[in-house]
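# Coordinate analysis (summary)
Now for the letters of each chain:
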Amino acid sequence: MKTKIGLLLLCAALSLGMASGAKAPVPPTVHYEVKLHSAAFGNSGVRKMWIKGNNMRWEGKTQRLPMCVIKNAHGTFLVHPWNKIAAKYPEGSLRGNPKAVFPGPTGSIKVFLKTVKAEKSGTEIIGMQKCTIYDFMDSITKRTCRIWIGNKSGKPMQLLMKGKRAKADTITATYTKYEVGGKVSDSLFELPKGYAVRPMPSKRLTSEAKTNKQKKISS
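Residues numbered from 1 in each chain as written. Predicted model: local features only at pLDDT ≥ 70, side-chain atom pairs only at ≥ 80, totals over all residues. Heavy atoms only, no water.

With that settled, the discussion passes to the confidence of the model for the protein. For the protein, mean pLDDT is 84; residues scoring 70 or higher make up 79% of the total. Contacts of residues 5-20 to residues separated by more than four positions or lying in other chains number 0 contacts, the stretch itself having pLDDT below 50. Contacts of residues 205-219 to residues separated by more than four positions or lying in other chains number 1 contact, the stretch itself having pLDDT below 50. (pLDDT = per-residue confidence, 0-100. Contact = heavy atoms within 4.5 Å.)

This is the structure we're talking about:
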């Protein structure tokens, strides 16, 4: 009887040891870069995205101002390099959703095409590679989109976001990099040292400030 109890205790100890030694699951990672071209304004700069689990970093550089949105365990922030301020978006803001800032894939291409209910619309050569073209409606912006997927690489080559009259311009994004499962440093999702964290001004407060300013000018 004592032998059986001893064996049970030994098995339990071994099980606990194996469980404690098990590695935590590695969070999924995605990194891509795109060059944007506006139908109305031409070159619109480069955008870069890093995703690691629930964390996100979306940065870009235009001719006027660099921009960066960071999402981490503490919230989603718009980092302003000139004033060294990290403006925190309200909880639940769509700015923390990678698909809200750019409607392209953020992982498996097959899963993406299935999720957006993409439909094949033809083939075309992009960047010396034959691509299959898919059309879909972005569920967040409600914009009609078209994406070119390389037949050989299986990666996105180009994404077209059709504009809406008097509301949004037509944008073409050319992918220069698309990596799934690569190494992404945790430091990318940290706010820069020395930056002051401030709540993002609400649209209501912003509109009121503009109204008051206009009243002062008119008076």
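Let us look at the sheet that holds strand β4 (residues 66-72). Taken in spatial order, the 12 strands of this open sheet run β7-β8-β9-β10-β11-β1-β2-β3-β4-β5-β6-β12, and their pairing is mixed. The sheet is open, and its two edges are formed by β7 (119-126) and β12 (196-199), each paired on a single side. Each adjacent strand pair in this sheet contributes to an overall mean axis angle of 20°, direction not counted. (Pairing = 2+ DSSP bridges. Helix = DSSP H or I, 4+ residues; strand = E, 2+ residues; numbered from the N terminus. Axes fitted to C-alpha atoms, helices over the stretch in contact; angles between N-to-C directions.)

Tracing the backbone through its elements, the reader meets C145 in strand β9 (residues 144-150). By relative accessible area, C145 is classed as buried at 1%. Sequence separation between C145 and L160 is 15 residues, and the spatial gap between their C-alpha atoms is 5.5 Å. In this view, C145 contacts P103, Y134, D135, F136, D138, L159, L160 and M161; residues no more than four positions away in its chain are not counted. (Buried < 20%, exposed > 50% of the residue type's maximum accessible area, 1.4 Å probe, protein only.)

Turning our eyes to something else, we now look at the packing of aromatic side chains. With the rule as written, the count across this model stands at 8 aromatic pairs. On the numbers, 6.1 Å between centres and 20° between planes, the contact of Y32 with Y178 is stacked. Note that Y32 is positioned in strand β1 (residues 29-38) and Y178 in strand β11 (residues 171-180), a separation of 146 residues in sequence. On the basis of relative accessibility, which here comes to 0%, the residue Y32 falls in the buried class. Look at Y178 and you get buried, because its relative accessible area is 6%. Every member of this aromatic cluster is reached through a ring pair, and the members are Y32, W58, F102, Y175 and Y178. (Phe/Tyr/Trp six-rings, centres within 6.5 Å; stacked < 30°, edge-to-face > 60°.)

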